[in-house]
Amino acid sequence: MAASGEIAIRPMTKTEVGVAVDWAEREGWNPGLSDGECYFAIDPQAFFAVLLDGRLIGSFSIVVYSDEFAFGGFYMLEPEYRGQGIGLAIMEHIDRLAGPYNFGIDGVFEMQARYRAHGFLFSHRNIRYEGLGGGSRPPGLTDAADVPFDALVRYDARHFPAERPAFLRHWLAQPGATALGVLEVGEVRGYGQVRPCRRGAKIGPLFADTPEIAERIYCGLAAAVPGQPLFLDVPEPNRAGILLAERHGMVPVFGTARMYTKEIPDLPLDECYGVTSFETG
C-alpha cells in the first residue's frame, strides 16, 4: 500500500537528531550517549528528516569525509509507515546526495538483498560482541591526548577510506570516553576508544598492527569501564579479532553487512579489531 500524503526530506535540526538517536536505541543499536551531538558538530548537514505531511517519520545520515568517500547511517522509518513505498523514495534521495561518492553503509543482514539490488557491493560482515568490562590497565599504553594528533590521523587513515581529522577531534573528546594508543619509537602502532552508551559502553575504533597490541589496548579500554556491559564490533575477516572477543568471554549479539556503492576499499582488515561505529563507519 502506497503512503498517502506529501513526503518531504530536509536537513534535521539538532533536536531532531536527538530523536533519531532515540529511535536507534529503540531499534537495539545502542548508540553512544554523545553520538548525536558529536555527529552534529562534525557536520550539521549530515542528518536528514523524512516527513509525511509535516510529521517526522524517518531519518538517514550521510557523513561526507572527502571528495571521494561518504558513509551513511541512521536509516530508519517509523514502523507504521514501512512497506508503503516511502523507503524507495528515501533511497532515491540518498542516491542523488551520495551519488558522487563511494558510499559505505553497515546494513542489517536481512536487507542485504535489497541493497545489492540497489547497486551496493558486499565487502564483509561485522559482528557485534558483548562482554563485561573490568580488569587492570596493562603497561605500555598512552592516553590518546598525549599522542601527536597528526600521527594519529595518519594511522587512522590507514584503516579507514579517508582522512578524518575533524571527526577524530570531536570523537575522541566525547564526555566520559577513554582513548588509548600504543607508541613504539615514536610511531603509532595502534589506538582505540571506549565510550559510554545507552547501555554499557562500546569500543570503537580499535586498530592495531598486531594481535598483541590489540589485546593490550582492549584490556586498557575494558579496565576503564569495570562491571559494565561492553560491546565490540569486529570485522568478521579478522580472525584474530574474533578470537580476542571470544578469549574475553564475549558473545555475538548482532551483525551488519559492510557494503559500498563504487568499490571495496583496500583496507588492512586484519588490523581492524573494532569498527568506529555502524553509523559513521
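What counts as what
- Each chain carries its own residue numbering, running from 1 in the direction its sequence is written.
- Reporting in this predicted model follows two pLDDT cut-offs: at least 70 for local features of residues, and 80 or more for side-chain atom pairs to be given and counted; totals over whole chains, interfaces and linings ignore these cut-offs and use all residues.
- The side-chain figures draw on all heavy atoms in the structure; neither hydrogens nor water molecules are used.
- In this entry, domain limits derive from an automatic or database-based domain assignment.
- We call two residues in contact when some of their heavy atoms are within 4.5 Å.
- When two parts are brought into contact, each loses some accessible area as probed by a 1.4 Å sphere; the total of that loss over both is the buried area.
- By salt bridge we mean one thing: a side-chain nitrogen of Lys or Arg within 4 Å of a carboxyl oxygen of Asp or Glu.
- Any N or O atom pair separated by 3.5 Å or less is treated as a polar contact, with the protein-specific requirement of one donor-capable and one acceptor-capable atom, and with residues adjacent in sequence counted only for side-chain atom pairs.
- Here the term buried applies to any residue with accessible area under 20% of the maximum for its type, exposed to any over 50%, and partly exposed to those in between, with areas from a 1.4 Å probe on protein chains only.
- Strands here are runs of E lasting at least two residues and helices are runs of H or I lasting at least four, both read from the DSSP assignment and numbered beginning at the N terminus.
- Two strands qualify as a pair provided DSSP detects at least 2 bridges between them.

Some words on the domain arrangement of the protein chain
Taken domain by domain, the protein chain holds domain 1 (7-104) and domain 2 (127-253 + 260-274). Here the C-alpha centre of domain 2 lies 25 Å away from the C-alpha centre of domain 1. Taken residue by residue, the interface counts 24 residues in domain 1 and 23 residues in domain 2. The largest share of the area that domain 1 buries against domain 2 comes from N30, Y65 and N102, three residues that together contribute 30% of it. There are two salt bridges connecting domain 1 and domain 2. The partner of D35 in a salt bridge is R195, and the shortest N-O contact between them spans 2.9 Å. Scanning the region where domain 1 abuts domain 2 turns up 14 residue pairs in polar contact (both at pLDDT 80 or more).

A word on the pairing of strand β2 (residues 47-52)
Counted residue by residue, β2 has six buried out of six residues, so it is predominantly covered. Burial of β2 is two-sided: the residues F47, A49 and L51 facing one way and the residues F48, V50 and L52 facing the other way are all buried. As judged from the five bridges shared by strand β1 (residues 7-11) and β2, these two strands associate in the antiparallel manner. The residue of β2 that forms the bridge with P11 is F48.

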